[in-house]
Amino acid sequence: MRFLVVLSAVVIGISALVVLDGGGSEAAWPGDNGRIVYRDEVNGGIWIMNADGSDRQPVTTANDYWPSWAPDGSEIVFERQAGGGIPLGAFITTAIWTVDPDGTDSTEIGPGTRPSWSPDGQRIVYSLNGKIREMNADGTGDTQITQSAGFFDTAPVYRPDGSLIAFLRRPIIDFPSDAGAAGAFTPNDIWTVNPDDQSELQFTNTPGVAEGPPDWSPSGDSLTYDSAPGLIVSTFPGNVPTTIQPLLPGALPIDPVFSPDGTTIAFTLLETAVLRAPAGVGPAIIPSDGTIYTIPAGGGTAAAVSGSELAPAEF
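The rules we used
Residues numbered from 1 in each chain as written. Predicted model: local features only at pLDDT ≥ 70, side-chain atom pairs only at ≥ 80, totals over all residues. Heavy atoms only, no water. Helix = DSSP H or I, 4+ residues; strand = E, 2+ residues; numbered from the N terminus. Buried < 20%, exposed > 50% of the residue type's maximum accessible area, 1.4 Å probe, protein only. Areas by Shrake-Rupley, 256 points an atom, 1.4 Å probe, with all protein chains shown as cover. Pairing = 2+ DSSP bridges. Lys, Arg positive; Asp, Glu negative; His and termini not counted. Salt bridge = Lys/Arg side-chain N within 4 Å of Asp/Glu carboxyl O. Polar contact = N/O pair within 3.5 Å; in protein donor to acceptor, adjacent residues only side chain to side chain. Contact = heavy atoms within 4.5 Å. Phe/Tyr/Trp six-rings, centres within 6.5 Å; stacked < 30°, edge-to-face > 60°.

## Description of the overall build of the protein
Moving on, step 1. Per the secondary structure count, the protein includes zero helices and 26 strands.
Moving on, step 2. Burial analysis of the protein (315 residues in total) assigns 56% to the buried set.
Moving on, step 3. Accessible area for the protein stands at about 11,700 Å²; split by element, carbon and sulfur atoms hold 54% of it.

Written as structure tokens, this is what we have:
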């Protein structure tokens, strides 16, 4: 299973999942709830299923991660990694692809990682060489959005009104290439940037803690992400955080995303196991399972998506 690091309840590099129909993407555009797109670690590739877990269908079969629906549901953008697996300490080459939900018209549009759609579905925002960039859906018109030196920026996602892009920022010294090194850990904070004037605002400031990739509510007045306490929903721009799903013994809730109607959040529960390491080496924490859950956006009881608890690795 693909795994980089778990420290302070944060996972860097696990595949994404998104809930929507023809009206949402990783930033949940307002609309009706529909299908979930996710990464299947065992069968490989990007898959889709109904929100109740039924009708699972493969979309791709390669080493693909971080899928994001177009706002009208007509396409999926995702990251494709070269080769198979991630050797410890290795750097990986990634490219951005689009594909129709039925698996047809698969197209490579350029290098990069962690793509998602603009609210109008005309452009794709992504990370390349530690900077947030944006390009047309066909790969033309590429523009660099973040400019700050000394940082590595990734996991961008547009606010549904198009006014801001939320993203993760971490010190670039530990991740000298776009792919990053498997096994490394650095703290992340969430920032926002105005795509027009490139003005930036730091949203979280948690030294020693690595926030996970953010996702906007459909109204744009809150962000959800994973952090040391668990799954967080925080008001924007005021940043009043609420933990809606705390950490569990041996299980980390990660990668939360809003549903298009804003009432529900889907996330991956990553169950971990500690392996006995050679003498003189500390115990290694590895993932043993990934299950897709949903939880009310205001907090409550989380429930596994039917069938996901039976599959060994869905993200």
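## Structural notes on the sheet that holds strand 19 (residues 215-216)
Moving on, step 1. Read across the open sheet, the four strands follow the order 19-20-21-22; overall the sheet is antiparallel. A single partner strand is all that each edge strand has here, and the edge strands are strand 19 and strand 22 (241-246).
Moving on, step 2. In this structure, strand 21 (residues 230-235) lies alongside strand 22, joined through five bridges in antiparallel fashion. Pairing of isoleucine 232 across the sheet is with threonine 243, part of strand 22.

## Some words on the side chain of arginine 159
Moving on, step 1. When you line up the elements, arginine 159 lands in the loop between strand 15 (151-158) and strand 16 (165-171).
Moving on, step 2. It turns out arginine 159 is buried and unbridged, and the closest side chain with the opposite charge, aspartate 161, is 4.0 Å from it.
Moving on, step 3. Side-chain polar atoms of arginine 159 contact the side chain of serine 163, separated by 3.5 Å.
Moving on, step 4. Ignoring any residue separated from it by four or fewer positions in sequence, one finds arginine 159 in contact with Trp29, Pro119, Leu164, Trp216, Gly220 and Phe236.

## Details of the sheet that holds strand 11 (residues 113-117)
Moving on, step 1. Across the sheet, four strands lie side by side as 11-12-13-14; this open sheet has antiparallel pairing. Of all strands in the sheet, those with a lone pairing partner are strand 11 and strand 14 (143-144), marking the two edges.
Moving on, step 2. Pairing of strand 13 (residues 131-136) with strand 14 involves two bridges; the strand directions are antiparallel. Within the sheet, the bridge partner assigned to glutamate 134 lies in strand 14 and is threonine 143.

## Digging into the pattern of salt bridges
Moving on, step 1. Counted according to the given criterion, the structure contains seven salt bridges.
Moving on, step 2. For arginine 56, the salt bridge goes to glutamate 314, with nearest N and O atoms at 3.1 Å. In this pair, arginine 56 is assigned in the loop between strand 5 (46-49) and strand 6 (57-58) and glutamate 314 in the segment after strand 26 (303-304), connecting sequence segments 258 residues apart.
Moving on, step 3. A salt bridge links arginine 123 to glutamate 134; the nearest nitrogen and oxygen atoms lie 3.0 Å apart. With arginine 123 in strand 12 (residues 123-128) and glutamate 134 in strand 13, this pair connects stretches of sequence that are eleven residues apart.
Moving on, step 4. We classify arginine 123 as buried; its relative accessible area is 18%.
Moving on, step 5. If you follow the salt bridges from partner to partner, you end up with Asp153, Arg169 and Glu200 in one network.

## Some words on the packing of aromatic side chains
Moving on, step 1. Taken as a whole and assessed by the stated rule, the structure comprises four aromatic pairs.
Moving on, step 2. Ring centres 6.4 Å apart and planes at 45° place the aromatic pair phenylalanine 151 and tryptophan 191 in the tilted group. Of this pair, phenylalanine 151 sits in strand 15 while tryptophan 191 sits in strand 17 (residues 189-193), and the two are 40 residues apart along the sequence.
Moving on, step 3. Classification of tryptophan 191 as buried rests on a relative accessible area of 16%.

## Re the pairing of strand 5
Note on strand geometry: in a regular strand, side chains alternate between the two faces of the sheet.
Moving on, step 1. Burial along strand 5 is two-sided: the face carrying Ile46 and Ile48 and the face carrying Trp47 and Met49 are both buried.
Moving on, step 2. Summarising the sheet, strand 4 (residues 35-39) and strand 5 pair through four bridges and their orientation is antiparallel. In the strand pairing of strand 5, tyrosine 38 is matched with tryptophan 47.
Moving on, step 3. The sheet contact formed by strand 5 and strand 6 spans two bridges and is antiparallel. Note on strand 6: the bridge partner recorded for tryptophan 47 is proline 58.

## Points about the environment of glutamine 198
Moving on, step 1. Mapped onto the elements, glutamine 198 comes out in the loop between strand 17 and strand 18 (200-202).
Moving on, step 2. Looking at glutamine 198, the relative accessible area reads 31%, which means it is partly exposed.
Moving on, step 3. The sequence separation of glutamine 198 and isoleucine 165 amounts to 33 residues, and the corresponding C-alpha distance is 9.8 Å.
Moving on, step 4. In this structure, glutamine 198 is in contact with Gln144, Ile145, Gln147 and Val193, ignoring residues within four places of it in sequence.

Honestly, it's all geometry; don't read function into it.
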